[in-house]
Amino acid sequence: MFFKINKKRGESSFFAIKKFAKQNNIKKIGHSGTLDPLAEGLLIVATDEDTKVLSKLVNNTKEYYVKASLHCYSKSYDEGEEVFFLDNKKLIEKEQLINALNQIKNQKKQIPPVFSAKKVNGVRSYELARKNLEVSLKECDIEIFSIELESFDYESQTFSFYVKVSKGTYIRSLVHDLGLLLNTDAIVNILRREAIGNINLGNTKDYEPINDIKSLFNIQLYTLDVNDLKQIKSKTLYLDKFKFITSDAIFLYNNQIVGWGKIENGLISFEKILFNRLFLSPS
């Protein structure tokens, strides 16, 4: 099965899914898209055999709610490390902030924060940073699809916004770069992931099942019947009902994923078959 989990601030993604697994007596669990410990919000979780299809999920876009403070700096670009308040700050006007947000929207490259899970010679960057070792990370390609200012407080120089970005975009780096555009610096105070691909956090309190499997994938889903399943002897199978179809595909039986692969004019080449699900009795 697939679930939405609302990860709480202060817990790691690993801790969140292990806690969920223990509470629900789940033996095998995995998730798509780690969140920082200080971040909160949406994790998409798969259990049991469905963990094997996590790599196929639609997760190329992420949406976040962000609250940030200007004229602050920390090594992690958030409140996870010691925060320094910059002297001789010149208060930023709302119009200046809007202009900077419009500029940052066009950003196509980004250097990840040193406090990140990126690996340097096989070691997590944050492990090196915590030892005060010098870390140099390469620029990554990113895309910012939309960014919308929600609020701005002139006196406290804090602001909040919603942003939709490509997979692999670090919001902490985005906020840091935004501060540099304004000739100062900035840190993230609150970071909440609102959506991954087609799945929205919505009003999820702790967790809830994702019943619409189609919403998880951009790949076409096809339902097989019991006679189709009886013909599966190897990783290739011809089905006449698919003779005019050529596409990547995920195959369902009894509303569960039983395999995935490619159809070419009726010939299925399975990448993976979940054999223990092939002959489940329909519910």
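Note that the structure is predicted; figures quoted are calculated from it, not measured. (Residues numbered from 1 in each chain as written. Predicted model: local features only at pLDDT ≥ 70, side-chain atom pairs only at ≥ 80, totals over all residues. Heavy atoms only, no water.)

> Which parts of the structure should I look at to understand the overall build of the protein?
In terms of helices and strands, the protein carries 5 helices and 20 strands. Seen through its C-alpha atoms, the protein measures out along the principal axes to roughly 75 × 40 × 40 Å. Summed over all atoms, the accessible surface of the protein reaches about 15200 Å², with 47% contributed by carbon and sulfur. Separation between the mean location of the 41 positive side-chain charges and that of the 35 negative ones in the protein comes to 7 Å. (Helix = DSSP H or I, 4+ residues; strand = E, 2+ residues; numbered from the N terminus. Areas by Shrake-Rupley, 256 points an atom, 1.4 Å probe, with all protein chains shown as cover. Lys, Arg positive; Asp, Glu negative; His and termini not counted. Charge placed at Lys NZ, Arg CZ, Asp CG, Glu CD.)

> Would you mind showing me how to read the domain arrangement of the protein here?
By convention, interface size is frequently given as the accessible area that disappears when the constituent parts associate. By domain assignment, the protein separates into domain 1 (2-57), domain 2 (61-196) and domain 3 (219-277). On a C-alpha basis, the centres of domain 2 and domain 3 stand 44 Å from each other. (Domains from an automatic or database assignment.)

> I'm lost on a nonpolar patch on the surface in this one. Help?
Nonpolar side chains collect at one region of the surface, where Y73, F84 and L86 lie side by side and expose about 240 Å² of accessible area between them. You can see F84 is positioned in strand β6 (residues 84-85). (Patch = residues over 30% accessible without salt bridge, like charges linked within 9 Å, V, L, I, M, F, W, Y side chains within 5 Å. Salt bridge = Lys/Arg side-chain N within 4 Å of Asp/Glu carboxyl O.)

> Please explain helix α1 (residues 13-23) as it appears in this structure.
Restricting attention to buried positions, one finds in α1 the residues S13, A16, I17, F20 and A21. On an axial view of α1, the arc spanned by its buried residues comes to 130°, and they lie on one face. Looking at α1, the residues exposed on the side facing more than 90 degrees away from the buried face are F14, K22 and Q23. In the core, the buried residues of α1 are packed alongside β1 (2-7), β2 (29-32), β3 (40-47) and β15 (207-209). Positioned one or two residues after α1, N25 has a phi angle of 55°, which is positive. (Buried < 20%, exposed > 50% of the residue type's maximum accessible area, 1.4 Å probe, protein only. Arc of directions from axis to C-beta. Contact = heavy atoms within 4.5 Å.)

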